[in-house]
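Chain and residue survey
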Amino acid sequence: MDLLSELQRQADQVEVVEIESESTEVGFEANRLKSSQVEGTKGVAVRVVVDGKLGFAASSDMSALDRLVTNALESAAYGDEIPIVFPGHQEAPQVRTYDQAIVDLPIAQLVEIGREITDHILQIEPDAQVNVALERGVQRASIRNQAGADVSFERSPLSIFLEVQRVKGDDVLMMFDMHGTTVWDEDYMGFVRQIGEKLERAKRSATLKSGHMPVLFAPEGALVLGLPLMLGINGKNVYTGVSPMRDKIGATLFDGKLTLVDDATIDAKFASAAYDDEGVAHRRNVLVEQGVLHSFLYDLKTAVQSGVESTGNASRGLFNPPSPSPTNLIFQSGETPLAEIIAGIDEGLLVEDVLGLGQGNVISGAFSNSLSLAFKIEKGEIVGRVKDVSIAGNIYELLREIAAVSRESKWVYNSFRLPYVLLPDVNVVAKK
Amino acid sequence: MREQIHAALARSKADYTEIRLEERESTTVAYRGQDLETAQAVIDAGGIVRAMCHDGGWGVVTFNDRSDLLEKVDQAYECARVAQSEQPIELAQILISEDRLSVNLEDDFRGVSLADKKALAERYNQILLTHSDKIVDTHCTYNDTFSHVTFANSEGTYIEDERPMVTIYTVAIARDGDNVQTATESRSGQEGFGFVQERETLAEAAAQRAVALLAADSVVGGQYPVVLNPRLAGVFIHEAFGHLSESDFVYENPRAQEMMVLGRRFGQDILTVYDDGSLPGLRGTHKYDDEGTPTGRADLIKDGILVGRLHSRETAAKMGESPTGNARATGYRYPPIVRMTNTAIEGGDISFENMIRDIELGVYACDMYGGQTALENFSFSSAYAYMIRDGAVAELVKDVILSGNLFTTLMNIDAIGDDFSWSKSGGSCGKGQGGLPVTFGAPHIRIQDVVIGGK
């Protein structure tokens, strides 16, 4: 049955999304090759508008499409009254997200890369427990609607997860990082070398006294600052009124060194694609420019609710209707070399990784995190690892004054690009 | 389907093979604030093949397309050949079962119209919204899920199971200037539609508490005798202690083995902790786990002494102990791993009044808001709390975060209440694979010298 034409007879607007993917994963646990897994996914999701009311249904059972149709129409009968309009065909930028070299990667080569990573870490830290997961796959999706949109994607994600655990007596050090791409990247060891450097650096320890001091957030640590921003610029949180940035378009909310961009049009990145999950063309969205709030992120529904246009930020899983979400979120890097920033700190803290990211009242901007990996900076040099230290504050206050943003930046958790960010005065609590 | 399953298993070249197929239908109605977010039904069907070679490892294949099980079994075998265990994997022996289980729900939610489900969620949402003009946002979600699970392995076990679940979830968010407070109440069980009907009190409680918390002061940090309500005591034992009893954590971790030596004293004689996946009516209950092992009661702490732990067939074989029926999977996308089911602190004999009577200054901490554990260290925030003054419950306080060392804290439990109950809220455990239904059980308990961090 062709769902689009079948549903078009019974609904005013119809959207049919079909997905199919297969991925292969090999896992190393505690330095050993432990498991191998193949995952195949297939399913279809539909949205219909009947008498102005929106309905949704989804199924991964391709033999139950008649029930899918019934469910979609019933969902619309009791659905939300919303003047949503599915888009027609739109021109979109070229974005590269598929590479046959990844699709064809033999399992043996995934295993070999896993070994290379494990060996690299064990060379630096023979007592470490290294967990590595390598996953390559191919994803195909299509979005069609009654208005003429007919979009299909092909993506070839490759991701490598690395977790390092080192236990010495009562001292536990855990580190985590990942590398994701959709186009084969020869330098897959880059992020492993960085973890290695941190492990090396963590061998020395230092002590720190509580107080207010300059805090330099490394890209991973800067997620503490990025996460509240990510929630705050989400059109759904703006519409429901929980975003502290609601009604602030055009206002200078932050230091001029803060520029925040959402960009799905970068080749090879995980969240990249020519179109979003509703068939709206992707584009580069400047959210905050030199401290001034420019825009929020919307999908079709939240855009209609808010009286604006979709920014091309619809994101969905098979079993849920779309909702707005950032794609690749970029905190623009600055002018100052990292070495120069560190050299200028007389006494301060370098935050690499925190515990409890996302815990607490994140959207309010408040954070309070103990630090799983942090270093003391003294007289312009990183002197050693500090433990039992936590930081607290509110990003909406702290980001009004940024002392420096580094030239260097890094992709974190596949879809954030962050520089080193120096805040001049943060409350640091050290356990005695 | 049974014939295809048997044919595929018979063809497997692996030393052990299992197939688990699942068909799941789920209805969700969700309100957020004034808006209906969705009223929808989804159908999810898929399966998993897991194969093991003694001299290789585990190979896993998951899929939606169930038309060619033979191919999936071959793929799983190929995956099992890729992995290389240093020591051959063994599985502890279990009884071979053949069983067809079906549930008979009173007021089966599959027979209730979407209109009635929507009306129910809308009514509770209206209670949240209209309670006070300080309520600025709400979440109200109704969900029901009915799964058919078929499990078969190459040893001859064949089980068909039906797993229903109905849940109502209400959240009130109150604001006064920059002060934003959230309160949550929920109810969930393997029950019919009636289980979530006429539960207006849930929404009322959430709304009342969110507003009341606006006026509450932050607790003054310090060391206090603390009384935990049954819900918080239950979550506490699950998070801080239960996860350490899961053998997949213990057998690969030398530090954990040291900590979790059987026979070690963990608490005073009054403390008994167990996990039981066979108790009727609870969220974590199934007759068999996802390896086909019958569930039952596993004592973890008995009269203060560590006496047992939770196992899958693999961890049981590795540690020379018996499987406990705790290999569970969050649906067909995942292989089973060691998980809790219904975990509890056994009830004692002290009434709540007597428990607080001698407390001059203490904290009565209720429900869980969030938390984190790292080996023996834990940190939990309670959803709301009261001060205890001169033996009586006094004013509401907020921002109560309990932290400390697990061993010290368990030893400091010096009173266990006579009011044991299983929580009816929708407890889920997120270990590894996302939310799996579990239940927390406990009476009120009293702990001496708990460090409470205020803001």
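Quick look at the overall build of chain A now. Of regular secondary structure, chain A possesses ten helices and 21 strands. The globule rule puts the C-alpha radius of gyration for 432 residues at 22 Å, and the 24 Å found for chain A is close to it. On the principal axes, the C-alpha backbone points of chain A span a range of 75 × 55 × 35 Å. Of all 432 residues assigned to chain A, the portion counted as buried reaches 57%. Considering only contacts within chain A whose residues lie at least 6 apart along the sequence, 73% involve residues at least 24 apart. Surface accessibility of chain A: about 17,400 Å² in total, with carbon and sulfur atoms responsible for 46%. A distance of 5 Å separates the average location of the 40 positive side-chain charges in chain A from that of its 61 negative side-chain charges.

The next subject is the overall build of chain B. Each helix and strand in chain B was counted, giving ten helices and 25 strands. Computed over its C-alpha atoms, the radius of gyration of chain B comes to 23 Å, within 12% of the 23 Å expected for a compact globule of 455 residues. Along the first, second and third principal axes, the C-alpha atoms of chain B reach 70 × 55 × 35 Å. By the burial criterion, 59% of the 455 residues in chain B qualify as buried. Long-range pairs, those at least 24 residues apart, make up 72% of the contacts in chain B with a sequence separation of at least 6. Summed over its atoms, the accessible surface of chain B is roughly 17,200 Å², and 46% of this surface lies on carbon and sulfur atoms.

Attention now goes to the pattern of salt bridges. For the structure shown, the criterion picks out 49 salt bridges over all chains. The partner of D177 of chain A in a salt bridge is K410 of chain A, and the shortest N-O contact between them spans 2.6 Å. You can see D177 of chain A sitting in strand β8 (residues 171–181) and its partner K410 of chain A sitting in strand β20 (residues 404–412), a full 233 residues away along the chain. With a closest N to O distance of 3.1 Å, R265 of chain B and D269 of chain B form a salt bridge. We classify R265 of chain B as partly exposed; its relative accessible area is 40%. In this structure, a network of salt bridges that share partners links the residues D177, K198, R201, E220, E352 and K410 of chain A.

Here the focus is helix α2 (residues 69–82) of chain B. Helix length check: α2 of chain B (14 residues) gives 20 Å between terminal C-alpha atoms against 20 Å at 1.5 Å per residue, within 8%. Listing the buried residues of α2 of chain B in full gives L69, K72, V73, A76, Y77, C79, A80 and V82 of chain B.

Below, the discussion takes up the layout of surface pockets. All names here are of chain A. In this structure, the second largest pocket encloses a volume near 1,400 Å³. Surrounding the second largest pocket, 47 residues form its lining, I19, Q139, R155, R316 and G317 being those nearest its centre. Among the elements of the structure, β1 (13–29), β2 (32–50), β5 (129–145), β6 (150–155), β7 (158–168) and β13 (314–315) are those that each provide at least two residues to the lining of the second largest pocket. In terms of residue count, β5 provides more of the lining of the second largest pocket than any other element does, eight residues in total. Grouping the constituent residues of the lining of the second largest pocket by class yields 20 nonpolar, 15 polar and twelve charged.

So, on to the pairing of strand β6 (residues 158–176) of chain B. All names here are of chain B. The buried fraction of β6 amounts to 15 of the 19 residues, a majority that puts the element mostly inside the structure. Across three bridges, strand β4 (residues 98–100) lies against β6 in parallel orientation. Across the sheet, R100 pairs through a bridge with E160, a residue of β6. Bridging between β6 and strand β7 (residues 179–189) involves eleven bridges; their strand directions are antiparallel. Its bridge partner being in β7, A172 is matched across the sheet by A183.

All names here are of chain B. Within the fold, T285 resides in the loop between β10 (273–276) and β11 (297–302). A polar contact of 2.9 Å, which involves the side chain of T285, links it to the side chain of N342. In contact with T285, not counting residues within four places along its chain, are Q190, G277, S278, L279 and N342.

Residue and element names in this part refer to chain A. Running from N to C, helix α4 (residues 107–124) and helix α5 (residues 190–201) point in directions that differ by 15 degrees, and their axes come no closer than 9 Å. The angle between α4 and α5 falls in the class roughly parallel. With respect to the hand of their crossing, α4 and α5 are arranged in right-handed fashion. Residue-level inspection shows I117, H120, I121 and I124 of α4 in contact with α5, the latter providing V192, R193, I195, G196, L199 and E200. A breakdown of the residues in the contact of α4 with α5 according to their chemical character gives six nonpolar, two polar and two charged.

This brings us to the packing of helix α1 (residues 2–11) of chain B against α2 of chain B. Residue and element names in this part refer to chain B. Close contact between α1 and α2 brings their axes to 9 Å; oriented N to C, the two are set at 30 degrees. The angle between α1 and α2 falls in the class roughly parallel. Considering the relative orientation of α1 and α2, their crossing is right-handed. Along its contact with α1, which presents Q4, I5, A7, A8 and R11, the element α2 presents L69, L70, V73 and D74. Across the contact of α1 with α2, the residue classes tally to six nonpolar, one polar and two charged.

Applying the stated rule across the entire model yields 16 aromatic pairs over all chains. Judged by centre distance (6.0 Å) and plane angle (35 degrees), the rings of F176 of chain A and Y413 of chain A are tilted. Residue F176 of chain A is found in strand β8, and its partner Y413 of chain A is found in the loop between β20 and β21 (416–430); the two are separated by 237 residues along the sequence. The exposure class assigned to F176 of chain A is partly exposed, which follows from its relative accessible area of 31%. Ring geometry for Y384 of chain B versus Y386 of chain B: centroids 6.0 Å apart, planes at 85 degrees, classification edge-to-face. Assessed through its relative accessible area of 25%, Y386 of chain B is described here as partly exposed. Every member of this aromatic cluster is reached through a ring pair, and the members are F352, Y364, Y384 and Y386 of chain B.

Glancing now at the interface of chain A and chain B. Between chain A and chain B, the contact holds 52 residues from the first and 42 residues from the second. Carbon and sulfur atoms make up 45% of the surface buried where chain A meets chain B, a total of about 3,900 Å² over both sides. Taken together, the links from chain A to chain B amount to three salt bridges. Linking R67 of chain A and E25 of chain B is a salt bridge whose minimum nitrogen-to-oxygen distance equals 2.1 Å. For the pair chain A and chain B, the interface holds 22 residue pairs in polar contact (both at pLDDT 80 or more). Elements supplying a minimum of two residues to the side of chain A that touches chain B: β1, β2, β3 (53–59), α2 (65–77), α4, α7 (235–239) and α8 (300–306) of chain A.

Negative charge collects at one region of the surface, where E20 and E22 of chain A together with D65, D68 and E71 of chain B lie side by side. Note on placement: E20 of chain A falls in strand β1. Residue E20 of chain A is classed as partly exposed on the basis of its relative accessible area, which comes to 44%.

Quick notes on the rules
Positions within a chain are numbered from 1, following the residues in the order the chain's sequence is written. Each chain takes a letter, starting from A, and each ligand takes a number, starting from 1, following the order in which they are written. The predicted origin of the model limits local features to residues at a pLDDT of at least 70 and limits the giving and counting of side-chain atom pairs to 80 or more, whereas totals for whole chains, interfaces and linings rest on all residues. To get the side-chain values, take all heavy atoms of the structure and skip hydrogens and water. Under the scheme used here, helices are H or I runs from DSSP no shorter than 4 residues and strands are E runs no shorter than 2 residues, and both carry numbers assigned from the N terminus. All radius of gyration figures rest on C-alpha atoms, and the globule criterion is 2.2 Å times the number of residues raised to 0.38. Here's how the labels work: a residue is buried when its accessible area is under 20% of the maximum for its type, exposed when over 50%, partly exposed in between, all with a 1.4 Å probe on protein chains only. By the convention used here, residues are in contact when the closest approach between their heavy atoms is within 4.5 Å. The protein chains shown are the only cover counted for residues, whose accessible areas, like all others here, come from Shrake-Rupley with a 1.4 Å probe. Only four residue types enter the tally: Lys and Arg on the positive side, Asp and Glu on the negative side, with His and both chain ends excluded. A charged residue contributes its charge at one atom only: NZ of Lys, CZ of Arg, CG of Asp or CD of Glu. What makes a salt bridge here is a side-chain nitrogen of Lys or Arg within 4 Å of a carboxyl oxygen of Asp or Glu, nothing more. An expected span of 1.5 Å times one less than the residue number is assigned to each helix. The method works on a 1 Å grid over the protein atoms by themselves. A cavity is a set of points holding a 1.4 Å probe that cannot get out, a pocket is an open set with protein on both sides within 12 Å along at least five of seven lines, and residues with an atom within 4 Å of a point line them. Grid points are joined across faces, edges and corners, and a volume is the space filled by probe spheres set on the points. Each residue gets one of three labels, nonpolar for Ala, Val, Leu, Ile, Met, Phe, Trp, Tyr, Cys and Pro, charged for Asp, Glu, Lys and Arg, and polar for the others, Gly among them. The pairing criterion for strands is at least two bridges between them, as found by DSSP. Here a polar contact is recorded for every N or O atom pair within 3.5 Å, except that within protein the pair must consist of a potential hydrogen donor and a potential acceptor, and residues adjacent in sequence are included only if both atoms are side-chain atoms. Helix axes use the C-alpha atoms of the stretch in contact, all axes being lines fitted to C-alpha atoms, and the angles between their N-to-C directions lie in the range 0 to 180 degrees. Oblique is the label for any angle not covered by the other classes, which are roughly parallel (under 35 degrees), roughly antiparallel (over 145) and roughly perpendicular (65 to 115). By the definition used in this description, the sense in which the near helix is turned from the far one sets the handedness, with an anticlockwise turn below a right angle giving left-handed and a clockwise turn giving right-handed. Pairing of aromatic rings covers Phe, Tyr and Trp, the last through its six-membered ring, and needs centres within 6.5 Å; plane angles under 30 degrees mean stacked, over 60 mean edge-to-face, and all others mean tilted. By buried area we mean the combined loss of accessible area, with a 1.4 Å probe, across both parts when two parts are placed together. Every patch collects residues that have over 30% relative accessible area and no salt bridge, joining them within 9 Å if they carry like charges and within 5 Å if they are nonpolar side chains (Val, Leu, Ile, Met, Phe, Trp, Tyr).

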